[in-house]
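# Coordinate inspection notes
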Amino acid sequence: MRMQSSNHLARPVFALCVAFSLLLPCVAQAQDPTREVLPEQKQARAFVSPTGLARLGSRMLFTAFHVDTGQELWSTDGTTAGTFLVKDIHPGFRGAFPTWQTRFGPHVYFTATDGDSGLELWRSDGTAKGTQRVADLNPGRADALPSELTAWRDALYFVANDGSHGFQLWKTQGDAQSTRRVSSVDAGSGTVVRQLTAAGRRLFFTATSRAQGHELWVTEGTPESTRLVKDIRPGAEDAGIANLTALGDEVWFTASDGRHGIELWKSDGTEAGTAMVKDIRPGEASSRPAHLTAVGRTLYFAAEDGAHGIELWKSDGTAKGTVLVRDVRAGAASSVPGPLVAFRGRLYFAATDGESGVELWTSDGSAAGTRLLKDLGPGPGSGSPARFAVAGQRLWFSANNGVHGVEPWITDGSTAGTRLAADVAPGPRHAMPLGFVELGGAVLFVAGDGLGNERLWSAKPGARAATLIGDPLRERLR
């Protein structure tokens with residue numbers, strides 16, 4: 001009888017605990033009942049899937065998943081001991097799902113939900129107390145879905161939906177009072193603003209209106225200065241604007257006016273100053289410029305002129321100065337250069353000459369100065385360099401030498417100085433590293449541990465190994 005009475009009393013106590021589970025501090029220890037959890041996964045720093053590394057002073061903020069808290073905001077100084085959960089914004093295992101981490105002033109801004117107000121704009125100074133929602137733009141549980149966070153001049157600009165005007169351009173200086181809508185593009189639920197790109201005194205973006213389709217817009221930061229730059233493809237049909245890239249006070253991009261196919265364009269923010277640079281593939285066919293990358297005052301990109309395949313081009317902004325750099329894979333076949341990255345005044349990119357596979361190339365803008373830097377995967381196999389990032393005075397990237405799988409590599413721009421940085425996932429397994437960011441003399445990045453877990457790692461330019469940041473796991477977290 002006493003045992004039955006004890007169980008009888010336990011049931012309402014348990015129910016009461018469940019009822020208040022969203023309010024009690026102990027909820028941070030609750031876990032998803034549908035998830036199989038091993039003891040090692042309960043370690044305080046057994047987080048996985050880190051993303052969005054954003055430097056804030058001497059620390060790095062990022063989002064990561066833990067079985068107790070779900071996807072939340074974390075902080076690290078580059079060591080395991082100095083890594084901690086900043087705040088369980090959405091208490092319990094469901095997670096706040098922070099995204100778009102962007103530094104502006106003394107805070108990192110991001111999109112998250114606390115479970116009550118939907119996905120809204122938040123900011124953090126790296127402390128629990130200093131992690132707060134900026135504004136509830138779409139009141140209640142509805143989502144404003146802030147995205148495209150861009151720090152420019154004295155404000156943070158972003159795209160959000162307040163539930164009435166569609167996805168418009170907004171800006172904030174960090175509090176609800178200063179958070180206001182900048183654009184009124186064809187106000188309605190179907191409005192879409194995207195591709196925020198700062199170039200000098202102007203912020204360019206693309207937007208959809210019923211009258212003009214998806215076209216190029218610009219702002220100087222006020223509603224009065226926000227305007228359509230040019231209806232490149234007249235009427236309601238889209239110009240297909242993409243690849244916005246800042247070069248000085250201008251923005252370069254790809255678009256089609258309906259007569260010339262997808263070609264290279266540029267704009268200074270005025271209708272008269274918005275024009276096609278060159279019809280690289282004459283007529284209605286498209287050259288489809290891609291991987292637009294500025295090196296100094298020159299824009300490099302991959303394009304197809306109909307005779308040389310997809311090859312490396314450059315432009316000084318004039319039709320005459322828009323030329324093929326080198327036919328890396330001679331003839332009509334394509335070397336398919338890309339992605340491209342600027343480093344120490346030169347261009348680095350992946351390409352194939354038809355003999356060495358897809359490898360690491362470099363160019364100074366001349367045909368003679370465009371050469372294979374290193375055959376990472378010797379022979380006809382491909383090293384496939386990708387995910388380039390300049391960090392710690394070096395160029396970091398992922399590549400596969402045919403022995404170690406896809407791992408982090410590093411170069412100082414010389415053949416001798418191009419090497420495997422670490423074999424994170426030992427042997428032929430792939431670590432698939434990305435997101436290289438410098439912090440305190442080391443470079444932090446995300447990579448697989450060879451067990452199926454994406455983890456946070458640290459490596460120094462001169463080191464031959466990477467160090468795990470977080471508690472070790474011996475099995476895949478499911």
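Residues numbered from 1 in each chain as written. Predicted model: local features only at pLDDT ≥ 70, side-chain atom pairs only at ≥ 80, totals over all residues. Heavy atoms only, no water.

Attention shifts here to the sheet that holds strand β27 (residues 359–363). Read across the open sheet, the four strands follow the order β25-β26-β27-β28; overall the sheet is antiparallel. The open sheet is flanked by β25 (340–343) and β28 (371–374), the only strands paired with a single partner. Each strand axis lies, on average, 35 degrees off the axis of its neighbour in the sheet, ignoring direction. The pairing of β25 with strand β26 (residues 346–351) spans four bridges and is classified as antiparallel. Following the sheet pairing, F343 is matched in β26 by R346. (Pairing = 2+ DSSP bridges. Helix = DSSP H or I, 4+ residues; strand = E, 2+ residues; numbered from the N terminus. Axes fitted to C-alpha atoms, helices over the stretch in contact; angles between N-to-C directions.)

The subject of this paragraph is unusual backbone geometry. Between G338 and P339 the backbone carries a cis peptide bond, its omega angle lying at -5 degrees. By secondary structure assignment, the location of P339 is in the loop between β24 (323–326) and β25. Unusually for a residue other than glycine, R387 sits at a positive phi of about 55 degrees. Inspection of the secondary structure puts R387 in strand β29 (residues 386–391). Overall, R387 belongs to the partly exposed group, its relative accessible area being 35%. (Buried < 20%, exposed > 50% of the residue type's maximum accessible area, 1.4 Å probe, protein only.)

On to the confidence of the model for the chain. Atom-level detail of predicted coordinates should not be read off regions where pLDDT is low. Of the residues in the chain, 94% reach a pLDDT of 70 or more, and the chain-wide mean stands at 92. Across residues 1–29, where pLDDT falls below 50, the model places 10 contacts with residues more than four positions away in sequence or in other chains. (pLDDT = per-residue confidence, 0-100. Contact = heavy atoms within 4.5 Å.)

Following the criterion strictly, the structure yields 11 salt bridges and no others. Among the ionic pairs, D116 bridges to R141, the shortest N-O distance being 3.8 Å. Here D116 is found in the loop between β6 (107–112) and β7 (120–124), whereas its partner R141 is found in the loop between β8 (131–135) and β9 (147–152), with 25 residues between them in sequence. Ionic pairing is found between D186 and R210, a salt bridge with its closest N-O pair at 2.8 Å. Highlighted residues: D186 in the loop between β12 (180–181) and β13 (193–199) and R210 in the loop between β14 (202–209) and β15 (213–219), separated in sequence by 24 residues. Of the residues examined, D186 reaches a relative accessible area of 28% and is grouped as partly exposed. (Salt bridge = Lys/Arg side-chain N within 4 Å of Asp/Glu carboxyl O.)

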